[in-house]
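The chain contents come next:
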Amino acid sequence: MARLDSVALPSFGIEPKLPEIPLAEYRARLEALVAALPAEGLDVLAVYADREHSANLAFLTGFDPRFEEALLLLDAKGKRLLLVGNECMGYLPDAGLGLEVLRFQEFSLMGQSRAETPPLRRVLADFGITRGSRIGTVGWKYFESEVVGDPARAIEIPGYLVDALRSAAGESGLVRNATALLMHPERGLRLTSSADQIAAFEFAAIRTSESLRALILALKEGAVERDLERCFDAGGLPLSCHAMVSFGDKARRGLSSPSGRAAKLGDAFTSAFGIQGALTCRAGAVARGPEDLPGALREFYPRFAAAYFDVTARWYASVRVGAAAGEVFQAVDQARDPACFDFFVNPGHYLHLDEWVHSPFRAGSRVVLRSGMTLQMDIIPVSKGPWPHCAANAEDGVALADPALRAELAGRYPACWARMQARRRFMQE
């Protein structure tokens, strides 16, 4: 079992310039998605996005609707129409993508004019959706269980859009959930990232990691949650989730926002900061050592923390190109001390613009991890020890890369590659 010790925490450097995704890559993403439609038996794809669920549309176009909603219509012949609200007309994707844009004011916030908006049925008809059209919808989730009898007909985008599409197609069964095209754990288009995308994610990860590093260094008895939240610096990048800092009893509600609560010696603490492409989380105890912990926790917590370290170390050792996700799950589950904790969620998942895309890490999973996948070490332990004082977490992201992708990263992003290697050495040693 691991042992507790003091380790100097280095800084691995800051990247001053955000790597940009080339327009050609966005074109290729759109073309790959359209090329997949015939094999799926689809004529048209409708990709929906709103403020909370924008990752699929942003992946395809570099555009997210911020305040409003948006809908991208694609057909198998290459026609592309983007519907946006009033405020997004000044915030459109690069014209080089060749998207026709329509201001569809029903996507605007309430109270704004709808005077120039054609009826949705006419928009769909003008696009070429007619009776018999086979339509796939893309939102943010697809279903595998019989939540409504037929998983393909369980569609999570707004009902009025689904109703309009089904009316245009003439038969409800012709409209089905096709979100798996982008988010399936094996074949989802979003699960394999290019060197450019990985470099952009690393830029984001620096911000989340350095933010949590600053918080840890500022953590002390009397520190106030909202004051510590000021350590979080996104560098202008959009967040993927709200900021989280909690002490004591409040740490039980891990997703809660920072409050005016001050840290007490012996408190549990949780903290997390996520921006698009990265999330870093740390949780532990406000203590200089076991002697600052209350009661039975003085004996239990060092064993609990060491057991958590053993499991996370096994995860990092097991995740590699070519590994089966079920084998990784089995390895970390075997390393887990069941007397210390259970897993709260899957031990790891895919990481992208949204913090959780999907997870292959479950018992018996045959999903093979491949080069270009970006993953989150997300082992959240449910402690068997006394609460509210017992917590541990150490979430971070990694990218899997074969020799060809490593060479491309090293050649095109040498500073990024050098930081990756420095972190790798630190983790190993």
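Notes on the structure in this doc start here. None of these values were measured; they are calculated from a predicted model.

Counting its secondary structure elements, the chain contains 11 helices and 14 strands. Relative to the globule expectation of 22 Å for 429 residues, the C-alpha radius of gyration of the chain, 23 Å, shows essentially globular dimensions. Along the first, second and third principal axes, the C-alpha set of the chain runs to 70 × 50 × 45 Å. The 429 residues of the chain split such that 51% are buried. Sequence-distant contacts, at least 24 apart, represent 65% of the contacts inside the chain between residues at least 6 apart. If you average the places of the 48 positive and of the 52 negative side-chain charges in the chain, the two averages end up 1 Å apart.

At a minimum axis distance of 10 Å, the contact between helix α6 (residues 195–218) and helix α10 (residues 403–412) shows a crossing angle of 65°. Taken as a pair, α6 and α10 cross one another with a handedness that is right-handed. Taking contact as the criterion, the partners of Ala195, Asp196 and Ile198 in α6 are, on α10, Leu405, Glu408, Leu409 and Arg412. Taken together, the residues of the contact of α6 with α10 break down into 4 nonpolar, no polar and 3 charged.

With the exception of glycine, the majority of residues adopt a negative phi angle, and the majority of peptide bonds are in the trans configuration. One non-glycine residue, arginine 66, lies in positive phi territory at about 55°. With respect to the element layout, arginine 66 can be found in the loop between α2 (55–61) and β2 (70–75). Classification of arginine 66 as partly exposed rests on a relative accessible area of 39%.

This next bit is on the sheet that holds strand β9 (residues 278–285). If you walk across this open sheet you meet the 6 strands as β7-β8-β9-β14-β12-β11, and the pairing is antiparallel. Across the chains shown, the open sheet's two edge strands, defined by having one partner strand only, are β7 (244–247) and β11 (349–350). Here β11 pairs with strand β12 (residues 374–377) via 2 bridges, running antiparallel. By the bridge assignment for β12, tyrosine 350 is matched with leucine 375. Where helix α8 (residues 297–318) meets the sheet, its contacts fall on β9, β12 and β14 (393–399), and the angle it forms with β12 comes to roughly 165°.

Looking now at the pairing of β7. The side-chain alternation of β7 yields two buried faces, one formed by Met244 and Ser246 and the other by Val245 and Phe247. Taken together, the 4 bridges between β7 and strand β8 (residues 268–275) define a ladder with antiparallel strand orientation. Its bridge partner being in β8, methionine 244 is matched across the sheet by alanine 272.

This brings us to the packing of aromatic side chains. Under the definition given, this model contains 13 aromatic pairs. Consider the rings of phenylalanine 12 and phenylalanine 426, whose centres lie 5.8 Å apart with planes at 70°: the pair is edge-to-face. Of the two residues, phenylalanine 12 is situated in the segment before α1 (23–35) and phenylalanine 426 in helix α11 (residues 414–428); the sequence distance between them amounts to 414 residues. The exposure class assigned to phenylalanine 12 is partly exposed, which follows from its relative accessible area of 24%. Relative to tyrosine 91, the ring of phenylalanine 63 has its centre 5.8 Å away and its plane inclined at 45°; by these criteria the two rings are tilted. You can see phenylalanine 63 sitting in the loop between α2 and β2 and its partner tyrosine 91 sitting in the loop between β3 (80–84) and β4 (100–103), a full 28 residues away along the chain. Given the relative accessible area of 1%, phenylalanine 63 is considered buried. The structure contains a cluster of three or more aromatic residues connected by ring pairs, namely Phe300, Tyr301, Phe304, Tyr308, Phe329, Phe341 and Phe343. Its end group placed over the ring of phenylalanine 203, arginine 207 keeps NZ or CZ at 3.9 Å from the ring centre.

The subject of this paragraph is the sheet that holds strand β6 (residues 175–177). With respect to topology, 6 strands assemble into an open sheet ordered β4-β3-β2-β1-β5-β6, the strand pairing being mixed. Looking at the sheet topology across the chains shown, the edges are occupied by β4 and β6. The mean angle between the axes of side-by-side strands here comes to 20°, regardless of whether they run parallel or antiparallel. In this structure, strand β1 (residues 44–49) lies alongside β2, joined through 6 bridges in antiparallel fashion. Paired with leucine 45 across the two strands is leucine 74, which belongs to β2. Sitting on the sheet, α1 is in contact with β1, β2 and β3, with an inclination near 60° to β2. Sitting on the sheet, helix α3 (residues 120–127) is in contact with β1, β2, β3 and β4, with an inclination near 165° to β3.

For the rest of this paragraph, the subject is the side chain of arginine 29. Positionally, arginine 29 belongs in helix α1. Residue arginine 29 is classed as buried on the basis of its relative accessible area, which comes to 8%. Sequence-distant contacts of arginine 29, that is, excluding residues within four places in its chain, are made with Ile21, Phe59, Leu60 and Gln197.

What counts and how
Residues numbered from 1 in each chain as written. Predicted model: local features only at pLDDT ≥ 70, side-chain atom pairs only at ≥ 80, totals over all residues. Heavy atoms only, no water. Helix = DSSP H or I, 4+ residues; strand = E, 2+ residues; numbered from the N terminus. Rg over C-alpha atoms; globule rule 2.2 N^0.38 Å. Buried < 20%, exposed > 50% of the residue type's maximum accessible area, 1.4 Å probe, protein only. Contact = heavy atoms within 4.5 Å. Lys, Arg positive; Asp, Glu negative; His and termini not counted. Charge placed at Lys NZ, Arg CZ, Asp CG, Glu CD. Axes fitted to C-alpha atoms, helices over the stretch in contact; angles between N-to-C directions. Left-handed = near helix turned anticlockwise from the far one by under 90°. Nonpolar A, V, L, I, M, F, W, Y, C, P; charged D, E, K, R; others polar. Pairing = 2+ DSSP bridges. Phe/Tyr/Trp six-rings, centres within 6.5 Å; stacked < 30°, edge-to-face > 60°. Lys NZ or Arg CZ within 6 Å of the ring centre and 35° of its normal.

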